[in-house]
Amino acid sequence: MARKLLVTGGCGFIGSNFISYWFSRYPKDSITNLDALTYAGHLSSTAHFADNKNYHFIKGSILNKRVVERAMKDVDIVVHFAAESHVDRSIKNPTLFLETNVLGTQVLLESALRNKIKRFHHISTDEVYGALEFNTGEKFSEETSYRPRSPYAASKAASDHLVQSYAHTFGLPTTITNCSNNFGPFQDPEKFIPRLITNCIEDRKVMLYGDGLNVRDWLHVEDHCRAIDLVITKGSINNTYCIGGQVDEVSNLEVATRVLNYFNKSTDQIAFVTDRLGHDRRYAVNWTKIRTELGWKPRYQFDEWLTATIKWYEENTAWWRPLKERAEKLYR
Ligand code: NAD
Ligand code: TDX
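Residues numbered from 1 in each chain as written. Chains lettered and ligands numbered in written order. Predicted model: local features only at pLDDT ≥ 70, side-chain atom pairs only at ≥ 80, totals over all residues. Heavy atoms only, no water.

Novice: Help me understand the packing of helix 4 (residues 94-114) against helix 5 (residues 151-170), please; the structure alone is not making it clear to me.
Specialist: When two helices pack together, their arrangement is captured by the angle between the axes and the distance separating the axes. Where helix 4 contacts helix 5, the axes come no closer than 9 Å and their chain directions differ by 15°. On the basis of their axis angle, the class for helix 4 and helix 5 is roughly parallel. In the crossing of helix 4 with helix 5, the sense of the turn from one axis to the other is right-handed. Two secondary-structure elements touch here, helix 4 through Pro94, Phe97, Leu98, Asn101, Val102, Thr105, Gln106, Leu109, Glu110 and Leu113 and helix 5 through Pro151, Tyr152, Ser155, Lys156, Ala158, Ser159, Leu162, Val163, Tyr166 and Phe170. By residue class, the composition of the contact of helix 4 with helix 5 is 13 nonpolar, five polar and two charged. (Axes fitted to C-alpha atoms, helices over the stretch in contact; angles between N-to-C directions. Helix = DSSP H or I, 4+ residues; strand = E, 2+ residues; numbered from the N terminus. Parallel < 35°, antiparallel > 145°, perpendicular 65-115°, else oblique. Left-handed = near helix turned anticlockwise from the far one by under 90°. Contact = heavy atoms within 4.5 Å. Nonpolar A, V, L, I, M, F, W, Y, C, P; charged D, E, K, R; others polar.)

Novice: Mind showing me how you'd approach the sheet that holds strand 3 (residues 55-59) here?
Specialist: One key point about sheets: their strands pair by backbone hydrogen bonds, in either a parallel or an antiparallel sense. A sheet is described by the order of its strands in space; here seven strands give the open sequence 3-2-1-4-5-6-11, paired in parallel fashion. Because the sheet does not close on itself, it has two edges, and the strands there are strand 3 and strand 11 (239-243). This sheet shows a mean twist of 20° between the axes of neighbouring strands, independent of strand direction. Across five bridges, strand 2 (residues 30-35) lies against strand 3 in parallel orientation. Considered in strand 3, the bridge of asparagine 33 is made with phenylalanine 57. (Pairing = 2+ DSSP bridges.)

Novice: What should I look at first to understand the site of ligand 2 in this one?
Specialist: Taken together, 21 residues form the shell around ligand 2, and within it Glu127, Tyr152, Arg195, Arg276 and His279 come nearest. Between an oxygen atom of ligand 2 and a main-chain N or O atom of serine 85, the distance comes to 2.8 Å. Between an oxygen atom of ligand 2 and a main-chain N or O atom of phenylalanine 192, the distance comes to 2.9 Å. Isolated, ligand 2 exposes 660 Å² of accessible area, and the fraction of that covered by the protein chains is 94%. If you list the elements that add at least two residues to the shell around ligand 2, you get helix 6 (192-201) and strand 8 (206-209). When residues of the shell around ligand 2 are assigned to their parent elements, the largest contribution, three residues, is made by strand 8. Split by residue class, the shell around ligand 2 holds eight nonpolar, seven polar and six charged. (Near = heavy atom within 4 Å. Polar contact = N/O pair within 3.5 Å; in protein donor to acceptor, adjacent residues only side chain to side chain. Areas by Shrake-Rupley, 256 points an atom, 1.4 Å probe, with all protein chains shown as cover.)

The following block contains the structure:
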């Protein structure tokens, strides 16, 4: 039977990829996308499905109770992506992160409860677990204690706790996924990999924070979407699943070197700039639970799909060029 989904933040990077993924897999389902179109929300990321008769867009904030209540009508499944998502911005303006990520999530939870939603799926991050040391072999898992270290991570941790509290106290059927750094098409050029690629295309220097040795666990956005699908359709209620990528430990410096190599540029193009305050050293995710319970594993190998992502940015300059100057301004 066709289902009705409410996707929040569907004009952002992962949300727009998720809507494309869902329509390709479940064409009979209908999707309402509630997005405030902040600086991170782009209608251009939704152009390829905007005409689908099963797609509806509402421009509005998850903080607006009236708008949320309207969007929630007759919905079966909520998939909640909307958030302030950039760590550097959370260092400059933490308050906005608390408003959107914590209070906004609570508005959605209240409305989901009132409307007897069958599943509330919350998208979260591995950053709630803090940071790992180098060369320890340690990874984050569902058992790891929460130790958020940036205002962004703290706001996501608070939102996870709220979701769990609504499940426990009020019986709202929820699931949470905590995933690592995504990469792929339609990621805003203010984030590391798209900034790297677009700086190379525009012959700008490539910026690395600190010594460039920080490690991220890169997950292709489509692998992420497939994992969310499995958790929604087959995952156990009131459960958390960790999601990570198919990548060997790779430092930011190595990622930058690979991108520079693609463009036949030398590492002289790298500028080591002032480190991010509180910069987390290393993330790595143990995804055993989702593999053993739901049979998920990442399909997209990092090196191969980094090249595919570079090509996507080369071929889609019309998408990112209008966003580039604003993104660079953030770092001045
Ligand atoms: P993004 O910044 O690209 O997009 C966020 C979207 O939310 C935008 O379309 C924006 O307009 C919308 N939004 C912001 N505030 C809103 C509000 N008040 N009401 C309605 N819409 C609002 O983010 P993303 O990278 O796609 O991340 C999506 C989710 O995944 C976030 O919850 C983020 O914490 C989580 N996450 C992201 C990553 C990653 O690597 N990008 C990794 C782990 C978890
Ligand atoms: O220009 C840069 N130079 C640089 O060295 C930028 C923008 C980043 N970096 C570093 C900081 C990090 O070590 O690259 C790494 C990745 O940075 P971001 O793209 O800002 O991602 P990160 O801070 O790791 O957080 C991301 O993954 C987890 C998402 O933005 C979050 O939303 C998600 O929860």
